[in-house]
Amino acid sequence: MVFNNQASHLFDYPEPYITRVKVQNSDLDGLGHANNACYVNWCERSAWRHSESLGLTLAHYHRLDRAVVIQKAGYDYYRPAFEGDELLVATWLTYCDDKLRIERRFQIVNNDTSAVVLRGHWLLAGITLSTGKATRLPREFLDIFSGAVITHH
């Protein structure tokens with residue numbers, strides 16, 4: 001839940017927003033490693049915390065009757081994680097246009113081995129909460145999200 005300059009060399013993009021996760025026994029599947037659904041949940045938790053750290057909370061979404069929702073998601077799993085592993089869940093905003101679309105990327109790294117465990121990618125779209133219909137993002141969202149977009153390297 002903290003940006004850590006010391007770990008930034010481990011990641012694909014600069015200035016990651018990092019959430020630390022310790023793999024628990026309850027995260028394990030029948031094969032003895034973290035269940036794939038846990039990775040998705042960790043990415044979602046990291047995205048919410050990143051949004052909150054930028055100043056956009058659920059209260060803002062409700063007040064403005066707007067939100068961003070996942071339109072497309074993809075995850076590439078590289079290595080298993082096991083009970084007791086400390087994972088660094090990094091996220092970035094990599095694109096934000098002035099209409100509907102935002103791109104968010106994830107990378108999960110094992111803190112002990114520096115091995116990449118997962119890379120993920122979301123395409124997000126703006127919606128009106130009360131109708132569920134696609135809509136342009138409000139200026140408040142655009143100012144915050146576009147200001148947090150990192151440049152690819």
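Residues numbered from 1 in each chain as written. Predicted model: local features only at pLDDT ≥ 70, side-chain atom pairs only at ≥ 80, totals over all residues. Heavy atoms only, no water.

### Regarding the overall build of the protein
Spelled out, the test is: Secondary structure elements are defined from DSSP: runs of H or I of at least 4 residues count as helices, runs of E of at least 2 residues count as strands, and each element is numbered from the N terminus. Values of the radius of gyration come from C-alpha atoms, whereas the globule rule sets the reference at 2.2 Å times the count of residues to the power 0.38. The cut-offs for exposure are 20% and 50% of the maximum accessible area for each residue type, with area from a 1.4 Å probe on protein chains only; residues under the lower value are buried, those over the upper are exposed, and the others partly exposed. Throughout, a contact is declared for two residues whenever any of their heavy atoms are within 4.5 Å. Here the open area of atoms and residues is found with the Shrake-Rupley method and a 1.4 Å probe, where only the protein chains shown may cover a residue. Think of it this way: Lys and Arg go in the positive column, Asp and Glu in the negative one, and His and the chain ends go nowhere. All charge positions are set by atom: Lys at NZ, Arg at CZ, Asp at CG, Glu at CD.
A tally of helices and strands in the protein yields 3 helices and 5 strands. Listing each helix as α and each strand as β along the protein from the N terminus yields β-α-α-β-β-β-β-α. What you see for the protein is a C-alpha radius of gyration of 16 Å, in line with the 15 Å of a compact globule of 153 residues. Projected onto its principal axes, the C-alpha positions of the protein cover 45 × 35 × 25 Å. Among the 153 residues that make up the protein, the fraction classed as buried is 42%. Considering only contacts in the protein between residues 6 or more positions apart, those separated by 24 or more positions represent 68%. Accessible area for the protein stands at about 8000 Å²; split by element, carbon and sulfur atoms hold 49% of it. Taken as two groups, the 16 positive and 17 negative side-chain charges of the protein have centres that lie 7 Å from each other.

### A word on the sheet that holds strand E1 (residues 17-22)
Our working definition: Think of it this way: DSSP has to see at least two bridges between two strands before they count as a pair. Here an axis means a line fitted to C-alpha atoms, over the contact stretch when the element is a helix, while the angle between two N-to-C directions is reported on a 0 to 180 degree scale.
Strands sit in the order E1-E3-E4-E5-E2 across an open sheet of 5 strands; the sheet is antiparallel. Both edges of this open sheet fall to E1 and strand E2 (66-77), since each of them pairs with a single strand only. Each strand axis lies, on average, 25° off the axis of its neighbour in the sheet, ignoring direction. In the sheet, E2 pairs with strand E5 (residues 116-128) via 11 bridges, with the strands oriented antiparallel. Among the inter-strand pairings, Ala-67 is bridged to a residue of E5, identified as Ile-127. Packed on one face of the sheet, helix H1 (residues 36-54) meets E1, E2, strand E3 (86-96), strand E4 (101-110) and E5 and runs near 60° to E3. The sheet strands contacting helix H3 (residues 139-148) are E2, E3 and E4, and the helix crosses E3 at an angle near 115°.

### Thoughts on the layout of surface pockets
Space left empty within the atom packing is revealed by a probe, the size of a water molecule, rolled over the atoms. Put simply, the rule reads: With a 1 Å grid spanning the protein atoms alone, the term cavity applies to any set of points in which a 1.4 Å probe fits but cannot get out, the term pocket to an open set with protein on both sides within 12 Å along at least five of seven lines, and the term lining residue to any residue with an atom within 4 Å of a point. Grid points are joined across faces, edges and corners, and a volume is the space filled by probe spheres set on the points. Gly falls in the polar group here, along with every residue not listed as nonpolar (Ala, Val, Leu, Ile, Met, Phe, Trp, Tyr, Cys, Pro) or charged (Asp, Glu, Lys, Arg).
In this structure, the largest pocket spans a volume of roughly 200 Å³. What lines the largest pocket is a set of 14 residues, among which Ala-47, Trp-48, Val-68, Trp-122 and Leu-124 lie closest to the centre. Among the elements that line the lining of the largest pocket, the one with the most residues is H1, at 4 residues. Classifying every residue of the lining of the largest pocket gives 11 nonpolar, 1 polar and 2 charged.

### Observations concerning the packing of aromatic side chains
As a reminder of what qualifies: Any Phe, Tyr or Trp ring, taking Trp's six-membered ring, that has another such ring centre within 6.5 Å forms a pair; planes under 30 degrees apart are called stacked, those over 60 apart edge-to-face, and the others tilted.
Applying the stated criterion across every chain yields a total of 9 aromatic pairs. Centre to centre, the rings of Tyr-13 and Trp-92 are 5.2 Å apart; their planes meet at 65°, and the pair counts as edge-to-face. Highlighted residues: Tyr-13 in the segment before E1 and Trp-92 in strand E3, separated in sequence by 79 residues. On the basis of relative accessible area, Tyr-13 is assigned to the buried category, the value being 15%. Residue classification places Trp-92 among the buried residues on the basis of a relative accessible area of 1%. Taking the centre distance of 4.9 Å and the plane angle of 50° together, the rings of Tyr-61 and Phe-141 count as tilted. Highlighted residues: Tyr-61 in helix H2 (residues 58-64) and Phe-141 in helix H3, separated in sequence by 80 residues. Judged on exposure class, the residue Tyr-61 and its partner Phe-141 are both buried. By way of ring pairs, the aromatic residues Tyr-39, Trp-42, Tyr-75 and Tyr-77 are connected into one cluster.

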